[in-house]
Structure formats: C-alpha cells, structure tokens
Amino acid sequence: MPDKAARCVARLQLRADPGPTYDKKEFPSGEQTLHKTPPEQALDANPTPLSRDNPPVLSVALVGFGTVGSAVVKILSARNDSFLRLTHICNRNVERKKQLWIPSDVVWTDDFQTILNSDADIVVELIGGLTAAEELVRGALNAGKSVVTANKQLIARHGPDLLQLASANGCQLEFGASVAGGVPVLPALRTGLCGDRLHGIAGILNGTCNYILSRIETARVPFSEALEEAQARGYAEADASEDLDGGDARAKLSILALAGLQVRVSPTDIRARTIRPVDAVDFDYAAELGCTIRQISRADLKGTTLFADVGPSLVPTDSPFGRVQRNLNLVLTSGEYGGDMAFLGAGAGGDPTAVAVVSDLMAVAESFAAGPRPRRALKFASPKVSCDFETPWYLRLVVKDQPGIIANLAAILSAHKLNIDAVLQKPGFDKGALPFVITLEPCRDTQLHPALQEMSALPFALRPCLCLPILR
C-alpha cells in the first residue's frame, strides 16, 4: 500500500480539473494557487508499512465551525492519540471565529477551494443546507478525499449517488451523525447488522416533536403552550414547521431506509402528517385505550413495495415508544434473522452529535490502516413507496351535539366496509363543541380516507376529523 505522500501526489493529479462553484455569499472565494510536488520529491525512499499497529496520521479539514464543529475540534484536541490531526478550519467571518485554544498551525479560511486544494485526507462537512454542501462534498470525493458529514438533507436526497462516487474514487462517505445525533444507529445498520436481512425500521426521530407531545401528556397543556415552552428552552426553532409537519423526520427515515433496507427513497415520496392538531383531550382518550401519542416514523419493506409514513400515532404506554420522554430518540429495527433491536439516546445537541462525527473519523482512520478500499458498484433498490398501511385507527371528532350523529357516522363507515371497535365520549364538555372518539378495527389507509372526507362534510362536524393509526 502506498504511503501518505504517494496518496497526496495522486490527489494532486486528480485536482488538475477546476474546482466546484458555490454560493459566494455563503463562503466568499479567494484565488488560490496549487503547487504540485514532483513525485520524486514526495515519495519516501523507505516508506514504513501501514498497519493497525502503525496507523497513518490523517489530516482533517473541518468546514463549519458552529456548535457541532467547535465540539468536534474540542474532542479532537483532547484525544491522546495522534492519528487524526486537524489542519484546516473553514467558516464564514473567519477572523471573528478564530479561537486561541486551537493550535496555531491550523489554517483558517473562508474559501472552499483552499480545503479542496489542501493535502487533507478527510473533509468534515458541518455547514448544512444543500447546494454549497453538495458541491463541497462532491468536490472532496472527486479529489480522493474521504468525507464525514452530519447533513441529513444532503444524504436523504443525494446519499446513494454520493456513496457511489466515494466508492468510485476509493474513499469513504460517513454520515453517522445525520440521524439521531449521538445514537450510533447508522453505524450499526451499515456494519453491525449488515449480516441480517432487515425488513422494518421504526423510530422517534425528532426530539422537538417528542418533547412537545410528552409535555402535553404529562402537564395536559394545550399544543400552543407546549410549543412555546419548547422554543423557550431551545428545543424548537422560531419557525418549527420542518419539525412539527414531519419534514425533518422523513428525511431521517429516508436515510435509515438507505442504510438499513438498502433502498433509494426520496423524502418527498414519504407521507408526513403534522402533530399540530393533537391536543390534551387526545391524551385523555388515548389513556383509556392504554396508549399515548408520539410522532412515529416507520418503514416496512414488503417485496417491491416500501410502506413508509411519518406522523403522530397511538402507541401502548408500556411499549418502548410509549416510555420515551422529552427530546430523546429511539430507533427499532426488525430483521429476518436477528429479530428486533433498539437504539435509544440523545438525538441532538453539540456534544452528542460531535461524538458521532469523531466516531466516523475514527472509522475512516481504521479503514486507511486496513488497506485500500475495493472499488465496486453499489446497488440500491428503488421500490414503489406507499402509505397504505393496514392498522386499527383512532378518530377524534368535534361536533355540535344533536340527535343522530352516531347513526350518520356509522352509516358512512358501514358503506365503506369499516368496522367500529369502540365509541368513547367523556362527560363535561361543551355541547356546542363536543369531542368524542371512534376507534376502528384494522383497515387500510386508502379504504379509510374516502369515508373521512364524507364525515368531515356533515353539517354537525365543526372541524376535520383527527385520524391517527394505533400501533400495537
């Protein structure tokens, strides 16, 4: 195996092509001159063989010195080993970002091209977003540099193509921090469980939603109050739409399906249902059913169809999902041979996410020590995506009380061949806005929703019916 100097020469030859462009408002470009080292000067006449006992010292370039990036640098600085060496930090407003505790030989820059033209072995991408991040990652992989990223939107949309690009260039793309922060579920799916044949993944993937729902459950506060509290505590953004409406969770589910089920699925093909209509009364009725409510992301691969959905669901209070409180994440996997596995922990925050990033860096270092990676074509299935699960259902209606309500609803349900399991109505509510619940025996999503449209059009219905799957 050639030594590090030889690898650097090979990368310099790859960099003869022009580098990628990017948003100059984000990272202003500066002109850089690339000086190639002649191979006869770069190669060591007596190279030391690389092995696990004699690992190479790998240069690391960090792009994005924010909350997670600074935590990554602190972890790297505190480590006693010497096989990961930070050489570059790239960020906007670089002069204001510099810190005295960072070694003076680290190069600070606001220019992507400086990173791509450097001799860094690994690029850590922590800027988020899509356009600039994608161009940086593609540029690094094309230059033969391995990449570690925490960018869930990038991997959800371009993961299969970027993994193929990394393999074609004999380097690695690691993204263990893109889902569930410090919970090592992605490394487990890609290595620890790769010998199994997984067919199902389900999880609580968004800490903001889980905090809000568990807060409504424990304090019986309105949704709006729970959201304000989450924002005040820093668990939710001022505009929390991506969390509340399921966009964040479905991007993460797409990545889990890629890593665990070996399928290519766009986040936009996964139905996402919002948690906004869920209120305290729903937890009262759920409790009567032995359940609570959580935002659940689930994917089941059956033949050539991937059944996938993200949204609030009823889960038993004594189940793993029912016991997860506040902003924790939980992922459950189902395999043909290994059965069910669970992964629980903090899903966000600078330190837990930084741990996942550094763990990925160490995985890349292990791979360097093990020898050259084989270049092989990666295959990902492209199944049909459906949300047509067959489950029991929870229907919460709010009506203006009058005779014949149950008879009218039962007639609609019967016409669509839907069987009522139970009707629940708590006393003490205003008859002008009366909430009550109907639960249905298992049926398919496509069978239920035409009936819901008819029910919402009835003159006594004050708002659309809240429809939640019951996951047993």
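Overview of the structure. Everything quoted here is computed from the prediction, not taken from an experiment.

Definitions and limits used
- Residues numbered from 1 in each chain as written.
- Predicted model: local features only at pLDDT ≥ 70, side-chain atom pairs only at ≥ 80, totals over all residues.
- Heavy atoms only, no water.
- Helix = DSSP H or I, 4+ residues; strand = E, 2+ residues; numbered from the N terminus.
- Contact = heavy atoms within 4.5 Å.
- Areas by Shrake-Rupley, 256 points an atom, 1.4 Å probe, with all protein chains shown as cover.
- Pairing = 2+ DSSP bridges.
- Axes fitted to C-alpha atoms, helices over the stretch in contact; angles between N-to-C directions.
- Buried < 20%, exposed > 50% of the residue type's maximum accessible area, 1.4 Å probe, protein only.
- Polar contact = N/O pair within 3.5 Å; in protein donor to acceptor, adjacent residues only side chain to side chain.
- Right-handed = clockwise from strand over helix to strand, strands pointing away.
- Expected span 1.5 Å × (residues − 1).
- Disulfide = S-S within 2.5 Å.
- Patch = residues over 30% accessible without salt bridge, like charges linked within 9 Å, V, L, I, M, F, W, Y side chains within 5 Å.
- Salt bridge = Lys/Arg side-chain N within 4 Å of Asp/Glu carboxyl O.
- Parallel < 35°, antiparallel > 145°, perpendicular 65-115°, else oblique.
- Left-handed = near helix turned anticlockwise from the far one by under 90°.
- Phe/Tyr/Trp six-rings, centres within 6.5 Å; stacked < 30°, edge-to-face > 60°.

## Comments concerning the overall build of the protein
Counting secondary structure elements, the protein contains 16 helices and 17 strands. Sequence separation of at least 24 residues holds for 75% of the intrachain contacts in the protein that already meet a minimum separation of 6. Element-wise, carbon and sulfur atoms account for 51% of the exposed surface of the protein, whose accessible area totals about 21200 Å².

## Observations concerning the sheet that holds strand S17 (residues 466-469)
Within the open sheet, the 4 strands sit side by side as S15-S16-S14-S17. Their pairing is antiparallel. Pairing within the sheet leaves two strands with one partner each, and these edge strands are strand S15 (420-424) and S17. Across the sheet, the axes of successive neighbouring strands diverge by a mean angle of 20 degrees, strand direction being ignored. With 4 bridges connecting them, S15 and strand S16 (residues 434-444) associate as antiparallel partners. From the neighbouring strand, Ile-420 faces S16, where its bridge partner is Leu-440. Contacting strand S14 (390-399), S16 and S17, helix H16 (residues 445-456) runs over the sheet at an angle of about 150 degrees to S16.

## Some remarks on the side chain of Glu-174
Within the secondary structure layout, Glu-174 lies in strand S6 (residues 173-174). A residue is classified by how much of its surface remains accessible, and Glu-174, at 14% relative accessible area, is buried. Polar side-chain contacts of Glu-174 include one of 2.9 Å to the side chain of Gln-172. There is a polar contact of 3.2 Å between the side chain of Glu-174 and the side chain of Arg-190. Look past the residues within four positions of Glu-174 in its chain and what remains in contact with it is Val-147, Val-148, Thr-149, Arg-190, Asp-360 and Val-364.

## Concerning the pairing of strand S5 (residues 146-149)
Here S5 shows a buried face lined by Ser-146 and Val-148 and a second buried face lined by Val-147 and Thr-149. Relative to S5, strand S4 (residues 122-125) is paired through 4 bridges, and the arrangement is parallel. By the bridge assignment for S5, Glu-125 is matched with Thr-149. Crossover S4 to S5 through helix H6 (residues 131-142) is right-handed. Across 2 bridges, the pairing between S5 and S6 is parallel.

## Regarding helix H14 (residues 350-370)
The first and last C-alpha atoms of H14 sit 30 Å apart over 21 residues, in line with the 30 Å expected at 1.5 Å per residue. A positive backbone phi angle near 120 degrees is found at Gly-371, which sits one or two residues after H14.

## A closer look at the pairing of strand S2 (residues 84-90)
Of all 7 residues that make up S2, 6 are buried, and the element is covered over most of its length. With 6 bridges connecting them, strand S1 (residues 58-63) and S2 associate as parallel partners. Bridge pairing in S2 links Ser-59 to Arg-85. Relative to strand S3 (residues 107-109), S2 is paired through 3 bridges, and the arrangement is parallel. Each residue of the ladder has a partner; that of Cys-90, found in S3, is Thr-109.

## Details of the state of the cysteines
Overall, the coordinates contain 0 disulfides when judged by the stated rule. The structure places no disulfide on Cys-465, whose sulfur is separated from the nearest cysteine sulfur, that of Cys-467, by 6.1 Å. Using a relative accessible area of 15% as the deciding quantity, one classes Cys-465 as buried.

## What to know about the sheet that holds S5
Spatial strand order, S3-S2-S1-S4-S5-S6: 6 strands in an open sheet with parallel pairing. Single-partner strands in this sheet number two, and they are S3 and S6. Of the strands in this sheet, S1, S4, S5 and S6 touch H6, which is tilted by about 170 degrees from S4. The strands touched by H14 are S1, S2, S4, S5 and S6; relative to S5, the strand with the most contacts, the crossing angle is about 160 degrees.

## Observations regarding helix H9 (residues 207-219)
The end-to-end C-alpha distance of H9 is 18 Å, a good match for the 18 Å that 13 residues give at a rise of 1.5 Å each. The buried fraction of H9 is high, at 10 of 13 residues. Within the sequence span of H9, burial applies to Gly-207, Thr-208, Cys-209, Asn-210, Tyr-211, Ile-212, Leu-213, Ser-214, Ile-216 and Glu-217. Elements that come into contact with the buried residues of H9 comprise strand S7 (198-204), helix H10 (223-232), helix H11 (241-244), helix H13 (280-288), strand S9 (291-302) and strand S11 (328-335).

## Things to note about a nonpolar patch on the surface
Residues Ile-406, Ile-420 and Val-423 make up a contiguous nonpolar surface patch of roughly 220 Å² in combined accessible area. Inspection of the secondary structure assignment puts Ile-420 in strand S15. Using a relative accessible area of 33% as the deciding quantity, one classes Ile-420 as partly exposed.

## As for the packing of H9 against H10
Contact pair H9 / H10: the axes reach a minimum separation of 9 Å and the direction vectors enclose 130 degrees. Considered as vectors, H9 and H10 are oriented oblique to each other. Judged by the twist between their axes, the crossing of H9 over H10 is right-handed. Contacts between H9 and H10 involve Tyr-211, Ile-212, Arg-215 and Ile-216 from the first element and Phe-223, Ala-226, Leu-227, Glu-229 and Ala-230 from the second.

## Considerations on the packing of aromatic side chains
Counted according to the given criterion, the structure contains 3 aromatic pairs. Ring geometry for Phe-65 and Trp-108: centres 5.4 Å apart, planes at 80 degrees, overall edge-to-face. Separated by 43 residues along the polypeptide, Phe-65 in the loop between S1 and helix H3 (67-78) and Trp-108 in strand S3 bring together distant segments of the chain. Neither Phe-65 nor Trp-108 differs from the other in exposure class; each is buried. With 5.9 Å between their ring centres and 55 degrees between their planes, Phe-307 and Phe-389 make a pair best called tilted.

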